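# Topology and contacts: notes
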Amino acid sequence: MIMSPALRKLTLIVHLTVSVGWIGAVVAYLALGVSAVTSQDAQMVRAAYLALELIGWYAIVPLALASLLTGLVMSLGTRWGLFRHYWVVISFALTILATVVLLLHMPDVSVLADVAQEADEASLGGLGGDLFHPGVGLLVLLVIQALNVYKPRGLTPYGWRKQQEQRREPPLPPDPG
Amino acid sequence: MSQTQPDRESKTSAPPGIPRWLKISGIIVIVLILLVAIIFAFDIGGQHGPDQFGPGQHGPSGDAGGETLSREDNTQQP
């Protein structure tokens, strides 16, 4: 079902907002992650780990799910489709991958935050931080963003068949009005 | 390279092949995956996953719950 222009714009605004917000939240997460690893202040380190858990569960996870959902609506509700263009397929696959890894990783972050709250000053430095997942995640999100802006050419075999079918269909009669 | 409308491509009668940008990206991704696999296979990145916070990993005494601090202990003295 193709959305009306007004609904399409509304969905696009929501999709852009949550997708760019997801990137911003990951950048904030990384800043806290760096602080948790580098700070010499034990209180700061504990606060950073606690903030990582909060920002993860209450900002990044909702934004990721909203981005995935609105992206799905945008592709299915417009003529781009979900499986017609390679860039849409790759974007969707990467978004699913990033969301699944995020959901699998967040319980580890909660464990890390719990341990940091109870650890003494000497063992805080041995927690290792959490920079690998958000770092790779940010790269993936930037790739998705680039794909969505450049929209590189390339029809999938399914998209090509659909295009051929549409060309074979007789044109609609002129509007009587 | 880019397009703003979905239906402005592939006017040929033959089905299109995989675009060049996708082939190059695929090669880059495969190389990166192999690199990560090598890093994990040889344990270059250290211990990974929730077990790294498990028993004996975070307490100097090695007890399962670590040394639980009281509220006073958590408060830093100026």
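These lines cover the structure that appears in this document, whether it is placed above or below.

### A few points about the overall build of chain B
Of the regular secondary structure elements, chain B holds 2 helices and 0 strands. Put simply, chain B shows about 6,000 Å² of open surface, and 61% of that area lies on carbon and sulfur atoms.

### Quick notes on the pattern of salt bridges
Residues and elements named next belong to chain A. Evaluation of the coordinates by the stated rule reveals 1 salt bridge over all chains. Here lysine 162 ties to glutamate 165 by a salt bridge, and the two come within 3.9 Å at their closest N and O atoms. With a gap of 3 residues between them, lysine 162 and glutamate 165 both fall in helix H6 (residues 157-168), about one helical turn apart. Of the residues examined, lysine 162 reaches a relative accessible area of 26% and is grouped as partly exposed.

### Some details on the side chain of threonine 99 of chain A
Within the element layout of this structure, threonine 99 of chain A appears in helix H3 (residues 86-118). Excluding anything up to four places from it in sequence, threonine 99 of chain A contacts Trp22, Ala64, Leu65 and Leu68 of chain A.

### Remarks on helix H2 (residues 42-76) of chain A
Residue and element names in this part refer to chain A. Over its 35 residues, H2 extends 49 Å from the first C-alpha to the last, a length consistent with the 51 Å expected when each residue adds 1.5 Å. Helix geometry: H2 is bent most strongly at glycine 56, by close to 40°. The backbone nitrogen of glutamine 43 lies 3.0 Å from a side-chain oxygen of the residue at the head of H2, namely aspartate 41.

Thresholds applied
- Residues numbered from 1 in each chain as written.
- Chains lettered and ligands numbered in written order.
- Predicted model: local features only at pLDDT ≥ 70, side-chain atom pairs only at ≥ 80, totals over all residues.
- Heavy atoms only, no water.
- Helix = DSSP H or I, 4+ residues; strand = E, 2+ residues; numbered from the N terminus.
- Areas by Shrake-Rupley, 256 points an atom, 1.4 Å probe, with all protein chains shown as cover.
- Salt bridge = Lys/Arg side-chain N within 4 Å of Asp/Glu carboxyl O.
- Buried < 20%, exposed > 50% of the residue type's maximum accessible area, 1.4 Å probe, protein only.
- Contact = heavy atoms within 4.5 Å.
- Expected span 1.5 Å × (residues − 1).
- Bend = angle between axes of the 7 residues up to and from the residue.
- Polar contact = N/O pair within 3.5 Å; in protein donor to acceptor, adjacent residues only side chain to side chain.

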